[in-house]
Amino acid sequence: MEEPRGRSAAADPMVSFRNVTKSYAAGNPAVDNLTLDLDRGAITVFVGPSGCGKTTSLRMINRMVEPTSGTVLVDGKDIAGQAPAKLRRSMGYVLQSAGLLPHRTVLDNIATVPRLNGASKRETRVRAQELLETVGLPAALGSRYPSQLSGGQQQRVGVARALAADPPILLMDEPFSAVDPVVRAELQQELLRLQQQLAKTIVFVTHDIDEATLLGDKVAVFATGGRLAQYAPPEELLRAPVDDFVAGFVGRDRGFRSLSFREAGELPLHSAATATLATLGDAPGGVWLLIVDDGGAPAGWLPPGERSPDRLLVGGSLFTLGSSLRQALDATLSSPSGRGVAVDGQGRVAGLVDAEDVLKRLEAGRSG
Ligand SMILES: Nc1ncnc2c1ncn2[C@@H]1O[C@H](COP(=O)(O)OP(=O)(O)OP(=O)(O)O)[C@@H](O)[C@H]1O
Ligand SMILES: [Mg+2]
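- With an unreviewed UniProt entry as reference, the chain is termed Proline/glycine betaine ABC transporter ATP-binding protein, source organism Arthrobacter mangrovi.
- What the UniProt record of the chain gives under Sequence similarities (unreviewed entry) is the line "Belongs to the ABC transporter superfamily."

Points about the site of ligand 1
Phase 1: Surveying the vicinity of ligand 1 reveals the residues Tyr24, Ala30, Ser50, Gly51, Cys52, Gly53, Lys54, Thr55, Thr56, Glu174 and His207.
Phase 2: Between an oxygen atom of ligand 1 and a side-chain N or O atom of Thr55, the distance comes to 2.7 Å.
Phase 3: Relative to its unbound accessible surface of 630 Å², ligand 1 loses 55% to contact with the protein.
Phase 4: Class assignment of the residues belonging to the shell around ligand 1 gives a composition of three nonpolar, six polar and two charged.

What about the sheet that holds strand β10 (residues 227-232)?
Phase 1: Sheet architecture is open: six strands sit in the order β6-β7-β8-β3-β9-β10, paired in mixed fashion. Taken across any chain shown, the strands that pair with only one partner, and hence form the sheet edges, are β6 (91-94) and β10. Adjacent strand axes in the sheet meet at a mean angle of 15 degrees, parallel and antiparallel pairs treated alike.
Phase 2: Here helix α6 (residues 151-163) sits on the sheet in contact with β6 and β7 (169-173), set at roughly 165 degrees to β6.

Section: the side chain of Gln188
Phase 1: Turning to its location among the elements, Gln188 is positioned in helix α7 (residues 181-198).
Phase 2: Owing to a relative accessible area of 10%, Gln188 belongs among the buried residues under this scheme.
Phase 3: Residues in contact with Gln188, not counting those within four places in the same chain, are Phe176, Glu211, Leu214 and Leu215.

Looking at the domain arrangement of the chain
Phase 1: What the domain assignment lists for the chain is domain 1 (15-90 + 168-261) and domain 2 (274-367).
Phase 2: Taken over C-alpha atoms, the centre of domain 1 sits 41 Å from the centre of domain 2.

Topic: the sheet that holds strand β14 (residues 318-320)
Phase 1: Strand order in the open sheet formed by three strands is β14-β15-β16, and the pairing between neighbours is mixed. The strands lining the two open edges of the sheet, one partner per strand, are β14 and β16 (349-354). Within this sheet the neighbouring strands show an average axis-to-axis angle of 35 degrees, counted without direction.
Phase 2: Pairing between strand β15 (residues 339-343) and β16: five bridges, direction antiparallel. Residue pairing for β16: Arg339 is matched across the bridge by Asp354.

Cut-offs used in this document
Residues numbered from 1 in each chain as written. Chains lettered and ligands numbered in written order. Predicted model: local features only at pLDDT ≥ 70, side-chain atom pairs only at ≥ 80, totals over all residues. Heavy atoms only, no water. UniProt positions renumbered as here; feature names shortened; annotations may be inferred. Near = heavy atom within 4 Å. Polar contact = N/O pair within 3.5 Å; in protein donor to acceptor, adjacent residues only side chain to side chain. Areas by Shrake-Rupley, 256 points an atom, 1.4 Å probe, with all protein chains shown as cover. Nonpolar A, V, L, I, M, F, W, Y, C, P; charged D, E, K, R; others polar. Pairing = 2+ DSSP bridges. Helix = DSSP H or I, 4+ residues; strand = E, 2+ residues; numbered from the N terminus. Axes fitted to C-alpha atoms, helices over the stretch in contact; angles between N-to-C directions. Contact = heavy atoms within 4.5 Å. Buried < 20%, exposed > 50% of the residue type's maximum accessible area, 1.4 Å probe, protein only. Domains from an automatic or database assignment.

Right under this line is the structure:
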């Protein structure tokens, strides 16, 4: 969908912090002179070490915390003049512990805010039932109580509840940090899928730089003392951290991580010696031989000098043309021959990729 003129995300942020400082007591501020625009319909992640002001910043968006100085604008309007209760109900809020009411059923938990907004009981039940499905939960769970759900299910209900009033803004404070890594990965994918459909303005707080770069359209890195250290799209953050603090925080393997974001477009393709099992007899002997099936898809490798089908080495990941540098590197590192197999969209062998070429691309990206 095309954006109307003059309403581009950059020109028309959903949330703006203007020189916002929050001091709880004299001395070090919790948030120090924050100026930041959050794009409409995008996921912005606040990341940083403990105590650096992420939660405080998030809560200033719905007036759960009042700034000491500066202005917070939502949809272009200063929120200082808006009724806090109404403002809060116009935003979904998801917490680390799902924060569900223990003596209410799942459906009633989801319906809480719409009920407060005056929707009828019937209306909100139907909507709550739909939302269960939206967040990937079976309808049968609706009549259970929160303690009868797993941690991951509870978080999903928390997300459903936050979505219930269909708010344009979703505030999420470490929503996935209390669940195990497998469930967490599921919830992250689920959120990305949901966001494709819903296009909310999401502010997501985490300690975890991997989660931040996975989910964020843009990532704000906070440093101790409530200072905003860098605000950039994930790949830029990983490729070009502005200072030692950010570089340390995103980690030493950042170059490797940043590969996942970069298309391997112009990577040189080397030609492969290929044969089918039927044409094996005619193949050259002294080279790594890539065996393909009748459709041209890779079947495995035969080492130089080995031409017996039962010596076929199978496995190794493939690199699909147009995908990321990370996938290209994985393909080269996992290939028995030392060169990764590139395939086209139909899965047919398109050529070989070389680890040296991938590393060169990586180096070029770092200095550039
Ligand atoms: N109600 C409060 N009263 C006094 N100090 C507070 C209060 N809330 C937060 N702080 C202080 O403000 C600073 C920022 O806290 P905040 O909760 O925003 O950090 P955070 O980045 O969310 O940390 P974490 O990652 O541990 O959740 C901390 O030094 C904290 O101790
Ligand atoms: Mg916090």
